[in-house]
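Per-entry structural report
The chain contents come next:
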Amino acid sequence: MKKLMVLLFAAIELTACGSVPVEQADNSTYSAQTDARIRLFGQNGATSTLWTNVDCKTNPSGNKMNVGGGLDGLTSMMGTVSSLSLGIPSTYTTNHIADGDGILSKVFFQEYIIPAGEATIVKTSFLGATPAVTNETAGTRTTYYPATCQSNKMAFIPEAGKDYEVIGINGNCGVAVHEVKSDGSLAPIQLFSPKSCI
């Protein structure tokens, strides 16, 4: 049992050290005349989700990309996750990515090519790792549940040749999209509520 505890603490220590490596993705299909690029952040317990090509009549589910859930969340927990870049300039968030790391939860990003000129829908969510706790005192029973929340689905129209970054705000209960300028500075993008078929 003592060896198991030592190994567990060693694993936690290793996942807390260093930043996530960045791998270069294939950018050969990107066209600055018809496409935009977008960066989503994720980690174990915090996801960013993106939908493109949503058409409520012909493609109501759209094309969905999720960063931070499933296998991504597992590799984030194990500390073996890598970020995936298409070449969007570094921003304050990517330069300080390790600031968001938690115990068994490394922050990473993935960049995608998205169609310009049509609605792109985004959402962020957070699932707390605290188990439910029941407190019984003076005949009163109170149960505290994990902190869990998700933003509303919001949309924007990406412009051809531009880069964007999606960030969870207010503990990932909200979502913000910024245009990434060539020098890495950010400009906020106005979001709107999408038609609801997803």
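Residues numbered from 1 in each chain as written. Predicted model: local features only at pLDDT ≥ 70, side-chain atom pairs only at ≥ 80, totals over all residues. Heavy atoms only, no water.

I38, L50, Y112, V122, F156, V166 and V177 are the most contacted members of the largest nonpolar core, which has 19 residues in total. Only β2 (35-42), β4 (63-67), β6 (108-115), β11 (154-156), β12 (163-169) and β13 (174-180) provide two or more residues apiece to this core. When residues no more than four places from it in sequence are discounted, the contact partners of V177 are V122, F156, Y164, E165, V166, A187, P188, I189 and L191. (Core = buried A, V, L, I, M, F, W, Y, C linked by side-chain atoms within 4.5 Å. Buried < 20%, exposed > 50% of the residue type's maximum accessible area, 1.4 Å probe, protein only. Helix = DSSP H or I, 4+ residues; strand = E, 2+ residues; numbered from the N terminus. Contact = heavy atoms within 4.5 Å.)

Before going further, it helps to spend a moment on the side chain of E165. The topology assignment puts E165 in strand β12. Take E165: its relative accessible area is 0%, and that puts it in the buried class. At 2.6 Å, the side chain of E165 and the side chain of R39 are in polar contact. Within the structure, E165 has its side chain in polar contact with the side chain of T91 (distance 2.8 Å). When sequence neighbours within four positions are dropped, the list of residues in contact with E165 reads R39, F41, T91, T93, T94, A176, V177, H178, V180 and L186. (Polar contact = N/O pair within 3.5 Å; in protein donor to acceptor, adjacent residues only side chain to side chain.)

Tallied over the entire structure, the rule returns two aromatic pairs. Look at F41 and F109: their rings are 6.1 Å apart centre to centre, the planes differ by 65°, and that puts the pair in the edge-to-face class. Here F109 lies in strand β6 and F41 lies in strand β2, a separation of 68 residues in the sequence. The aromatic ring of Y30 is capped on one face by R37, whose charged end is 5.0 Å from the ring centroid. Across the ring face of F109, the terminal group of R39 is positioned such that the distance to the ring centre comes to 5.1 Å. (Phe/Tyr/Trp six-rings, centres within 6.5 Å; stacked < 30°, edge-to-face > 60°. Lys NZ or Arg CZ within 6 Å of the ring centre and 35° of its normal.)

Time to look at the pattern of salt bridges. When their charged atoms lie close together, side chains carrying opposite charge are able to pair. All told, the structure shown has six salt bridges when counted by the stated rule. Among the salt bridges present, the one from R39 reaches E165, with a minimum N-O distance of 2.6 Å. In this pair, R39 is assigned in strand β2 and E165 in strand β12, connecting sequence segments 126 residues apart. For the pair R39 and E165, a shared accessibility class is recorded, and that class is buried. The partner of K181 in a salt bridge is E179, with the nearest N and O atoms 3.5 Å apart. Through salt bridges with shared partners, a single network forms among E159, K162, E179 and K181. (Salt bridge = Lys/Arg side-chain N within 4 Å of Asp/Glu carboxyl O.)

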